[in-house]
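So the chains spell out like this:
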Amino acid sequence: MTAPVLEIEGLNVVYDTPGGPFHAVRDVSFSLASGERFGLVGESGSGKSTTILALMRMLRSGWVESGKVRLNGRDLLAAPASAFRQLRFAEMSLVPQGAMSSLNPVLRIADQIADIYDDHGIRWRRGEQIEAMRNLLARVGLPPTVLGFYPHQLSGGMKQRVCIAMSIALRPTLILADEPTSALDVMVQKQVLATLGRVQRDLGASVLLIGHDMALMAHFVDRIGVMYQGSLVEMGSVRKIFADPQHAYTRMLIDSLPSFNRTRRRA
Ligand SMILES: Nc1ncnc2c1ncn2[C@@H]1O[C@H](COP(=O)(O)OP(=O)(O)O)[C@@H](O)[C@H]1O
Ligand SMILES: [Mg+2]
């Protein structure tokens, strides 16, 4: 067994709200092995995004109340801000929820990718950087012409591919993807997930995928964790979760999937 890439222990996250502190993530613990695909599912508001925003130190008006997070053995919560900045993209990257609208509308794709390299102090020889960016786009199935485009000139699926390309620009060991396909139509969803799967395998990276679509999730991940009202209520292999769900909420998520050999009414 190799050491886990990500270890989360007893994570608690609290938001400051006008009505007082709100406990959005409660005592969440799980870990990801090298190369593993782990899926977090749960209804809207169950704390999925909060969990990964806490990992990325991107919480707004919220803070980690307690818990431990280790990335490749290193204590993430204790890492100084400068070290953390270097580690984003390079060790752990995020494809954010609504990633398509996270692209800068007034910058060409090439300039947005170049920002990542610049921010990490990567120096290139003449022509090398453009070559690297062309390769990066090719890996997510986009033509090199996309480099000269602005986000509004791309379709939703293409924008999502650009976001995936950016997330792997520095070859991280962990990719966090927050509902990367939820705004896309069904066919494009599958293609984009297949792309994410391919780049992840090429890199040997681990993936933490967030979603609420159990069916889509089941095709992509090795293990599933189910979140409900801030807690991780169940965790196991895809096979085990589907064959023998323990928690009532997990059963409800599975029962809500349409089935060919089941005709009873849905809840
Ligand atoms: N900035 C914030 N301030 C206060 N509460 C928030 C904030 N962001 C999220 N929450 C609350 O935290 C809970 C979890 O939200 P979130 O992690 O976004 O859920 P999910 O991603 O599972 O839909 C929700 O009840 C949400 O309203
Ligand atoms: Mg969310």
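Sequence order as written defines residue numbering, which begins from 1 separately in each chain. Going through the entries in the order they are written, you letter the chains from A and number the ligands from 1. Local features in this predicted model are restricted to residues whose pLDDT is 70 or higher, and side-chain atom pairs enter the listing and the counts only when it is 80 or higher, whereas totals over whole chains, interfaces and linings include all residues.

As a rule, residues whose C-beta atom has 12 or fewer other C-beta atoms within 10 Å are exposed, those with 20 or more are buried, and those in between are partly exposed; C-beta atoms are placed from the backbone. For the purposes of this entry, the term helix denotes a DSSP run of H or I that reaches at least four residues, the term strand denotes a run of E that reaches at least two, and both are numbered from the N terminus. With 5 of its 6 residues buried, strand E9 (residues 223–228) lies for the most part within the structure. A pair of strands is treated as paired once DSSP finds two or more bridges between them. Sheet topology places strand E3 (residues 37–41) next to E9; 4 bridges connect them, and they run parallel. Across the sheet, residue glycine 39 finds its bridge partner in E9, namely isoleucine 224. Here E9 pairs with strand E10 (residues 231–237) via 6 bridges, running antiparallel. Of the residues in E10, the one forming a bridge with valine 226 is glutamate 234.

Here we come to the site of ligand 1. Any residue qualifies as near a molecule or strand once its backbone-derived C-beta atom lies within 6 Å of it. Taken together, 15 residues form the shell around ligand 1, and within it Tyr15, Ala24, Lys48, Ser49 and Thr50 come nearest. No other element matches helix H1 (residues 48–55), which puts 3 residues into the shell around ligand 1. Class assignment for the residues of the shell around ligand 1 results in 3 nonpolar, 10 polar and 2 charged. Any residue that is not Ala, Val, Leu, Ile, Met, Phe, Trp, Tyr, Cys, Pro, Asp, Glu, Lys or Arg is counted as polar, Gly included; the first ten are nonpolar and the last four charged.

To continue, consider the sheet that holds E9. Within a beta sheet, neighbouring strands are joined by backbone hydrogen bonds and run either parallel or antiparallel to one another. Reading across from one edge, E6-E7-E8-E3-E9-E10 is the order of the 6 strands in this open sheet, with mixed pairing throughout. The open sheet has two edge strands, strand E6 (92–95) and E10, and neither has a second partner. Strand-to-strand twist in this sheet, taken as the mean axis angle between neighbours without regard to direction, amounts to 15°. Here strand E7 (residues 174–178) runs beside strand E8 (residues 206–211); their pairing, made up of 5 bridges, is parallel. Looking at E8, one finds that alanine 177 is bridged to leucine 209. In this description, a residue-residue contact is defined by the distance between C-beta atoms placed from the backbone, which must lie within 7 Å. The axes used here are C-alpha line fits, helices contributing only the stretch in contact, and every angle between their N-to-C directions lies in the interval 0 to 180 degrees. Each of E6 and E7 is contacted by helix H5 (residues 156–167), which is oriented at about 170° to E6, the strand it contacts most.

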